[in-house]
Amino acid sequence: MKKIRLFAPFLMLLAGAIASIMMYYFHYTTGQMLPRLAIVLVIFYLAGSFVQKKIIKFVDQINEEEKKAGEVIAKEAQEGAESGSENEEIEGAEDVPLES
C-alpha cells in the first residue's frame, strides 16, 4: 500500500523530467522553461493524485470483498464441523442395499 502512495509524485517527476529534456532539446530559454515546467508539474501531480485515489479505492474494494469471502468460508467450515456427526450417520447407511 505504501508504494501506491508514491504514484502521484513519481508521475509528476517523470513528466517534469521528460518536459525538461524536450524543452532543452528544442532550445527554450530559462524564462520560457520555468513557467511551462511548473504547469506540467502541477497538471501531472493532479492527474496522478486522481489516479492514485481511484487505485486505492479499487484495492480497498477488493480487500473488503476478500474479507467477506473469508468470513463466509469460515462460517461454512464451522457449520460443516457441526454437521459432521450427521454426515457420519448418513455415510453408514450406504452399506445397506436399497430395495427396488
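Shown above is the structure to which this text applies.
No experiment lies behind these values; they were computed from the predicted model shown. (Residues numbered from 1 in each chain as written. Predicted model: local features only at pLDDT ≥ 70, side-chain atom pairs only at ≥ 80, totals over all residues. Heavy atoms only, no water.)

J.: Help me understand a nonpolar patch on the surface, please; the structure alone is not making it clear to me.
T.: Taken together, the side chains of Phe10, Leu14, Ile18, Met22, Tyr25, Phe26 and Tyr28 define a hydrophobic patch exposed on the protein surface, amounting to about 760 Å² of accessible area. Relative to the helices and strands, Met22 resides in helix H2 (residues 7-25). (Patch = residues over 30% accessible without salt bridge, like charges linked within 9 Å, V, L, I, M, F, W, Y side chains within 5 Å. Areas by Shrake-Rupley, 256 points an atom, 1.4 Å probe, with all protein chains shown as cover. Salt bridge = Lys/Arg side-chain N within 4 Å of Asp/Glu carboxyl O. Helix = DSSP H or I, 4+ residues; strand = E, 2+ residues; numbered from the N terminus.)

J.: Whenever I open this one, unusual backbone geometry confuses me. Can you help?
T.: With glycine set apart, most residues show a phi of negative sign, and most peptide bonds adopt trans. At His27, a residue that is not glycine, the phi angle is positive and equals roughly 60 degrees. Position of His27 among the secondary structure elements: in the loop between H2 and helix H3 (30-82).

J.: Looking at this structure, how should I read the environment of Leu46?
T.: Checked against the element boundaries, Leu46 lands in helix H3. Separated by 35 residues in sequence, Leu46 and Leu11 place their C-alpha atoms 9.8 Å apart.

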